[in-house]
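# What the coordinates show
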Amino acid sequence: KAGVTQTPRYLIKTRGQQVTLSCSPISGHRSVSWYQQTPGQGLQFLFEYFSETQRNKGNFPGRFSGRQFSNSRSEMNVSTLELGDSALYLCASSPTGTLNTEAFFGQGTRLTVV
Amino acid sequence: GIQVEQSPPDLILQEGANSTLRCNFSDSVNNLQWFHQNPWGQLINLFYIPSGTKQNGRLSATTVATERYSLLYISSSQTTDSGVYFCAVEPMGSNYQLIWGAGTKLIIKP
C-alpha cells in the first residue's frame, strides 16, 4: 500500500510569489491535514479536509488556503510569500480524521523563500 | 488550550543504553501518537496510544490517560535511533487537529 505522497519535495520561491503544494493520501483515507514546521514555532496545524470540506483551520493568515478534490488529494496554496513562510510543510492522512484514529505523514515539502 | 510538554529536551546516550522519554499533557485527549522524525524530515509513526501499553521490538510506550502523561521507552539504543521524538495529542472536543510537543532530540553515540 502506497504511503502519503507530497510533491514537490523542495521548493525555492521569491518573496511575493505564490506556491502550491500537493498531497496524495493513502488509498482509502478521506481526511487530509496540513502542518507547518519551523525551528521557532515547532509543528503547527494549518487545516484539515474531509470529503472536500474544510472542517477545521488553524491560526494562520488568509494567505494560506487549501482544497481537497473528490479523489481525496489535497493542495495547499500560499500567496504573497514572506520570508517567514520558509518551513517544512507536512501532510497527514487518516481514514476519517485524527479523532480516535492514527494519522500518517508524508515526507514533507521544504519551502525556502528568498 | 491544551499544553503538551516533552522531557528531556535533549538526551545524549551511548549505544546500548536505555532511555525514557516523557510527554505530559494538560487536558483529556482522544488521540496520542509518538513519532520519530528522521533527518530528512519525515515523521515515522511509532505508536498510536491514547491509553494503555504497547510494544514494538525495542520500543514500548505507556499512556496513563487519567494522570495525563505518556512514556516512550527505547531499550538497547542504536545509532539509528538518533533523531527527534515527538508526542502529539488531539484534545477532547477538538476538531481533527493534533497539538504537538516541542520534541526530544536524542543522540546515540557509537
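The preceding data block contains the structure.
The shown structure was predicted, so the numbers you read here are calculated from the model rather than taken from an experiment.

To continue, consider the overall build of chain A. Along its length, chain A carries 0 helices and 11 strands. Counting from the amino terminus, chain A carries its helices and strands in the arrangement β-β-β-β-β-β-β-β-β-β-β. Taken against the 2.2 N^0.38 rule, which gives 13 Å for 114 residues, the C-alpha radius of gyration of chain A at 13 Å falls within 12% of a compact globule. Once the C-alpha set of chain A is aligned to its principal axes, its extents read approximately 35 × 25 × 25 Å. Counting every position in chain A, which comprises 114 residues, the buried fraction comes to 50%.

The subject of this paragraph is the overall build of chain B. Broken down by element type, chain B carries 0 helices and 11 strands. Secondary structure elements in chain B, listed N-terminal to C-terminal, are β-β-β-β-β-β-β-β-β-β-β. A compact globule built from 110 residues should have a C-alpha radius of gyration of about 13 Å, and chain B, at 13 Å, falls within 12% of that. Principal axes of the C-alpha set define a box for chain B whose edges measure 45 × 25 × 20 Å. Looking at chain B as a whole, 51% of its 110 residues qualify as buried. Accessible area for chain B stands at about 5,100 Å²; split by element, carbon and sulfur atoms hold 49% of it.

On to the packing of aromatic side chains, then. By the definition in use, this model includes 9 aromatic pairs over all chains. Measuring from centroid to centroid gives 5.8 Å for A:Tyr35 and B:Trp100, while their planes differ by 75°, and the two rings are edge-to-face. Of the two residues, A:Tyr35 sits in strand β4 (residues 31–38) while B:Trp100 sits in strand β10 (residues 99–100), which places them in two different chains. We note that A:Tyr35, like B:Trp100, is buried. The ring of B:Tyr96 carries A:Arg55 above its face, with NZ or CZ at 3.4 Å from the centroid.

Taken together, the contacts link 18 residues of chain B with 24 residues of chain A. Counting each side, the surface lost to burial between chain B and chain A is near 1,900 Å², with a carbon and sulfur contribution of 51%. There are 0 salt bridges connecting chain B and chain A. Applying the counting criterion to the chain B and chain A interface returns 10 residue pairs in polar contact (both at pLDDT 80 or more). Ranked by residues supplied to the side of chain B that touches chain A, first place goes to strand β4 (residues 29–37) of chain B with 5 residues. The residue inventory of the side of chain B that touches chain A, partitioned by class, reads 8 nonpolar, 9 polar and 1 charged.

Below, the discussion takes up the sheet that holds strand β6 (residues 52–56) of chain B. All names here are of chain B. Taking strand neighbours across the sheet as the criterion, the 5 strands line up as β1-β3-β8-β7-β6 in an open arrangement whose pairing is antiparallel. Each having just a single partner strand, β1 (4–7) and β6 make up the two edges of the open sheet. Averaged over all pairs of adjacent strands, the angle between strand axes in this sheet comes to 15°, irrespective of strand direction.

Residue and element names in this part refer to chain A. Spatial ordering of the open sheet is given by β1-β3-β8-β7, a layout of 4 strands whose pairing is antiparallel. Both outer strands of the open sheet, β1 (5–7) and β7 (64–68), are each paired with one neighbouring strand and no more. For this sheet, the mean inter-axis angle between neighbouring strands, taken without regard to orientation, is 15°. Where strand β3 (residues 19–24) and strand β8 (residues 74–78) come together, 5 bridges link them in antiparallel fashion. Within β8, the position partnered with leucine 21 by the bridge is methionine 76.

Attention now moves to the pairing of strand β2 (residues 10–14) of chain B. All names here are of chain B. What you see with β2 is a clean split: Leu11 and Leu13 sit on the buried side and Asp10, Ile12 and Gln14 on the side with no burial. Here 5 bridges tie β2 to strand β11 (residues 104–109), and the two strands are oriented parallel to one another. Looking at β11, one finds that isoleucine 12 is bridged to isoleucine 107.

Let's shift gears to the pairing of strand β6 (residues 53–57) of chain A. Across 4 bridges, the pairing between strand β5 (residues 42–50) of chain A and β6(A) is antiparallel. Looking at β6(A), one finds that A:Glu48 is bridged to A:Asn56.

Within soluble globular proteins, side chains that are nonpolar generally end up buried alongside one another. In this structure, B:Trp34, B:Leu72 and B:Val89 are the most contacted members of the largest nonpolar core, which totals 22 residues. Mapped onto this core, the elements with two or more residues apiece are β2, β3 (19–25), β4, β5 (43–48), β7 (59–64), β8 (69–74), β9 (83–91) and β11 of chain B. Core analysis: the next-biggest nonpolar cluster, separate from the first, contains 21 residues, A:Ile26, A:Leu81, A:Ala87 and A:Cys91 among them.

Calculation criteria
- Residues numbered from 1 in each chain as written.
- Chains lettered and ligands numbered in written order.
- Predicted model: local features only at pLDDT ≥ 70, side-chain atom pairs only at ≥ 80, totals over all residues.
- Heavy atoms only, no water.
- Helix = DSSP H or I, 4+ residues; strand = E, 2+ residues; numbered from the N terminus.
- Rg over C-alpha atoms; globule rule 2.2 N^0.38 Å.
- Buried < 20%, exposed > 50% of the residue type's maximum accessible area, 1.4 Å probe, protein only.
- Areas by Shrake-Rupley, 256 points an atom, 1.4 Å probe, with all protein chains shown as cover.
- Phe/Tyr/Trp six-rings, centres within 6.5 Å; stacked < 30°, edge-to-face > 60°.
- Lys NZ or Arg CZ within 6 Å of the ring centre and 35° of its normal.
- Contact = heavy atoms within 4.5 Å.
- Buried area = accessible area lost by both parts, 1.4 Å probe.
- Salt bridge = Lys/Arg side-chain N within 4 Å of Asp/Glu carboxyl O.
- Polar contact = N/O pair within 3.5 Å; in protein donor to acceptor, adjacent residues only side chain to side chain.
- Nonpolar A, V, L, I, M, F, W, Y, C, P; charged D, E, K, R; others polar.
- Pairing = 2+ DSSP bridges.
- Axes fitted to C-alpha atoms, helices over the stretch in contact; angles between N-to-C directions.
- Core = buried A, V, L, I, M, F, W, Y, C linked by side-chain atoms within 4.5 Å.

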